[in-house]
Amino acid sequence: MLFIGGAYIDIGDPVWECPHCKVMMWYDERINKDKQTQKPRFSLCYSDGKIQLPLLHEPPHPLNYLLFKYQDPKARNF
């Protein structure tokens, strides 16, 4: 939803997937807003594929424990 001029405007859900990072975007976030297309390109996330992030490594032991040991009472609320 957008809040414009004192009123909410519902623009729907972000249903377009960026081909580079798989993040969900709204159609109006596409690069070429003046063109209607069935394959929009986006630049808000990975700059249309120009930015490459390295793969994540395993987190340090204390953080890994809290993130993935769901049965432990300490980790349950983390």
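Residues numbered from 1 in each chain as written. Predicted model: local features only at pLDDT ≥ 70, side-chain atom pairs only at ≥ 80, totals over all residues. Heavy atoms only, no water.

Chemist: Go over a nonpolar patch on the surface with me, naming the residues and quoting the values.
Modeler: A cluster of nonpolar side chains, L63, L67 and F68, forms an exposed patch at the surface whose accessible area comes to about 250 Å². By the secondary structure assignment, F68 is in helix α1 (residues 61-68). (Patch = residues over 30% accessible without salt bridge, like charges linked within 9 Å, V, L, I, M, F, W, Y side chains within 5 Å. Areas by Shrake-Rupley, 256 points an atom, 1.4 Å probe, with all protein chains shown as cover. Salt bridge = Lys/Arg side-chain N within 4 Å of Asp/Glu carboxyl O. Helix = DSSP H or I, 4+ residues; strand = E, 2+ residues; numbered from the N terminus.)

Chemist: Account for the environment of S43, naming residues and giving values.
Modeler: With respect to the helices and strands, the residue S43 is situated in the loop between β4 (24-25) and α1. With 14 residues separating them in the primary sequence, S43 and E29 have C-alpha atoms 8.1 Å apart. Those residues within four positions of S43 in sequence are excluded, and the remaining contacts are I31 and D48. (Contact = heavy atoms within 4.5 Å.)

Chemist: Provide a residue-level description of unusual backbone geometry, including the pertinent values.
Modeler: Even without glycine at this site, K22 takes up a positive phi of about 70°. Here K22 shows up in the loop between β3 (16-17) and β4. With a phi close to 50°, S47 is a non-glycine residue in the positive phi region. Residue position: S47 is located in the loop between β4 and α1.

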